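Results of the structural survey
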Amino acid sequence: MKRLQNRIAESGLLLPVMGLYAIAIWLSSGLLTEGLWPQLACYAASVYLLAELSNGNALLRIRSRIISSSFIALSCMNSMLFCSLTGCLTQLFFIVAFLLLFSTYQNNLAAGRVFYAFAFLGGASIMHVETLWLVPLIWLLMITQLLSFNWHTWLASVIGLLAPYWFLSLWFIYTQDFSPLAEHLSGLWSIGMPFDYRGITIAQLVTLVITLTLMLTGIIHFWLRSYEDKIRIRLLYGFFSYLGLFAMLIIIVLPQYYDLFIRLTFICVSPLVGHFVAHTNTRATNIAFIVITVLVFLITMLNLWMPSLSF
C-alpha cells in the first residue's frame, strides 16, 4: 500500500516543485536585492551533484529525487546562510569530494580520484581551515566504509590536500610574506571556548535540534532495515552517518562553527531522510513525514523572518 510519503517520494514532479520552492526562499532571502547569484549557482550545482551522487551510487532502491529534495528543504530551512559565498563553495566542494571518493569503493588503485577528491577538500580548507578536522575521520572511513585505503591512496590524499596550498604559496613567495598563511592555519588550534552558545540564535538552535532529530531517526531506521540493502549501500550510508554525527558533535561542542558544519550536516542527513521517506510505508511513518514536513516549513519561516532573534 502506497501512502502519501511514498507517492511524493516517487513523483516526477517532486524535484521541480522543490526547485520552485527554493527559488521562492532565495528571493525572500535577498537574491535580487543582495545580488546572491554566485551563491545561487553554487547551490544549484550542489543540488544537481547530490542527485548524481544518489543516482550513480543507487542510494535508494526506487527511482526518486527525494534525497536532493530533502537537501533543498534542509538548506532552505537555514536561509540565513545563503549570503556566504565561501560557505556555499565549501558545501559544493564537499559534495564533489564525496562523488569522487564513492567512485573509489573497493578500489585501492584509484589514487587519481583520491587526489582530486582531497584537492577539493584542500580547496575547502583554504576558505575554512576548520574543515581539516574532518580529514582523519575521512581517512578512517576510507578504511572501514569505502575499502579503498592503502599507502598509495593515502599519499595521493596528502598531495591532494597540499595542492591548493602549493598554488597559493606562489603568491606568498612573490610577496615574500607568509604571515597570512600562518594566521590562517592557526585556526586549527585556536578553537575558542567550548559550549559557548551566546552567539546562537533561537532559529539556529531550533534548526540544530530538528536536524539532529532527523539524523538520529534516519540512522536508527536505516540500521534496523539495513539487511534489505546491499553491503555497498550499507557502507556508504555508514559514511554519511559517521561523518554527520562527527559534524554535529563539533557544532554542539563548538557552536561558534555552526554556520560551517551545519552545511556538511545537511549533506549527510539528506540521504538518511530520503531513505526513511522512500522505504517506509506504515501509518506512523506517514504521520511522521507530514509532521516533519510541517515543522521544516515552519522553521524555514522562522529563520526567514526572525533570523536574529536571540535568547
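A short tour of the structure in this document, coming up. (Residues numbered from 1 in each chain as written. Predicted model: local features only at pLDDT ≥ 70, side-chain atom pairs only at ≥ 80, totals over all residues. Heavy atoms only, no water.)

A short note on the side chain of Thr 131
Assignment of secondary structure puts Thr 131 in the loop between helix H6 (111-127) and helix H7 (135-146). For Thr 131, a relative accessible area of 5% translates into the label buried. One polar contact links the side chain of Thr 131 to the main-chain carbonyl oxygen of His 128, over a distance of 2.9 Å. If near-sequence neighbours (up to four positions away) are discounted, Thr 131 is found in contact with Thr 90, Phe 94, Leu 121, Ala 124, Ser 125 and Leu 260. (Helix = DSSP H or I, 4+ residues; strand = E, 2+ residues; numbered from the N terminus. Buried < 20%, exposed > 50% of the residue type's maximum accessible area, 1.4 Å probe, protein only. Polar contact = N/O pair within 3.5 Å; in protein donor to acceptor, adjacent residues only side chain to side chain. Contact = heavy atoms within 4.5 Å.)

Re the layout of surface pockets
Volume-wise, the largest pocket comes out at about 440 Å³. Along its surface, the largest pocket is lined by 20 residues, and Met 18, Ser 69, Ala 73, Phe 289 and Thr 293 are the ones closest to its centre. If you tally residues by element for the lining of the largest pocket, the top one is helix H13 (residues 283-305), at six residues. Here the residues of the lining of the largest pocket are counted per class, giving 17 nonpolar, three polar and no charged. If you add up the space inside the second largest pocket, you get close to 200 Å³. Taken together, 16 residues line the second largest pocket, and the ones lying closest to its centre are Leu 81, Ser 84, Asp 259, Leu 260 and Arg 263. It is helix H12 (residues 258-278) that provides the largest number of residues to the lining of the second largest pocket, a total of four residues. (1 Å grid on protein atoms, 1.4 Å probe; cavity = no way out; pocket = protein on both sides within 12 Å on 5 of 7 lines; lining within 4 Å. Points joined across faces, edges and corners; volume = space filled by probe spheres on them. Nonpolar A, V, L, I, M, F, W, Y, C, P; charged D, E, K, R; others polar.)

Some remarks on H7
Here H7 contains twelve residues, and its C-alpha end-to-end distance of 14 Å is more than 12% below the 16 Å for a straight helix at 1.5 Å per residue. The set of residues buried in H7 consists of Val 135, Leu 137, Ile 138, Leu 141, Met 142, Gln 145 and Leu 146. Buried residues of H7, viewed axially, fall in a sector of 150 degrees; they line one side. Summarising the contacts, the buried residues of H7 are in contact with helix H5 (85-102), H6, helix H8 (151-175) and helix H11 (231-253). Count one or two residues on from H7 and you reach Leu 147, which has phi positive near 55 degrees. (Expected span 1.5 Å × (residues − 1). Arc of directions from axis to C-beta.)

Thoughts on the nonpolar core
Ranked by internal contacts, the top residues of the largest apolar core, which has 87 residues, are Tyr 43, Phe 98, Phe 118, Leu 243, Phe 261 and Leu 264. The dominant element in this core, judged by the number of residues it contributes, is H12, at 14 residues. Setting aside chain neighbours within four positions, we find Tyr 43 in contact with Ala 22, Trp 26, Phe 71, Ile 72, Ser 75, Cys 76 and Phe 82. (Core = buried A, V, L, I, M, F, W, Y, C linked by side-chain atoms within 4.5 Å.)

Notes on unusual backbone geometry
Look at Ala 58: it is not a glycine, yet its phi comes out positive at around 50 degrees. Checked against the element boundaries, Ala 58 lands in the loop between helix H3 (37-56) and helix H4 (66-77). Unlike most non-glycine residues, Leu 147 shows phi in positive territory, near 55 degrees. Assignment of secondary structure puts Leu 147 in the loop between H7 and H8.

A short note on the packing of helix H2 (residues 14-28) against H3
Running from N to C, H2 and H3 cross one another at 160 degrees; their axes reach a closest spacing of 12 Å. Between H2 and H3, the crossing angle belongs to the class labelled roughly antiparallel. Pair H2 / H3 crosses with right-handed handedness. Each of Leu 15, Ala 22, Ile 23 and Trp 26 in H2 lies in contact with H3, whose residues at this interface are Gln 39, Leu 40, Tyr 43 and Val 47. Per-class residue counts for the contact of H2 with H3 are seven nonpolar, one polar and no charged. (Axes fitted to C-alpha atoms, helices over the stretch in contact; angles between N-to-C directions. Parallel < 35°, antiparallel > 145°, perpendicular 65-115°, else oblique. Left-handed = near helix turned anticlockwise from the far one by under 90°.)

Here we look at the packing of aromatic side chains
Per the counting criterion, the structure on display carries 21 aromatic pairs. Centroid distance Trp 26 to Tyr 43: 5.4 Å. Interplanar angle 55 degrees. Geometry classified as tilted. Of this pair, Trp 26 sits in helix H2 while Tyr 43 sits in helix H3, placing them 17 residues apart in sequence. The exposure class assigned to Trp 26 is buried, which follows from its relative accessible area of 0%. With centroids separated by 5.0 Å and ring planes inclined at 85 degrees, the aromatic side chains of Phe 222 and Trp 223 adopt a geometry described as edge-to-face. Taking relative accessible area as the criterion, Phe 222 reaches 0% and is therefore assigned buried. Judged by relative accessible area, which is 37%, Trp 223 ranks as partly exposed. Taken together, the ring pairs connect Phe 94, Phe 98, Phe 102, Phe 222, Trp 223, Tyr 237, Phe 239 and Phe 240 into an aromatic cluster. The residue whose ring lies beneath Arg 232 is Tyr 105, and the NZ or CZ to ring-centre distance is 5.4 Å. (Phe/Tyr/Trp six-rings, centres within 6.5 Å; stacked < 30°, edge-to-face > 60°. Lys NZ or Arg CZ within 6 Å of the ring centre and 35° of its normal.)

Focus on the environment of Ser 226
In this fold, Ser 226 is placed in the loop between helix H10 (202-224) and H11. Measuring from C-alpha to C-alpha, the distance between Ser 226 and Ile 67 comes to 17 Å, with 159 residues separating the pair along the chain.

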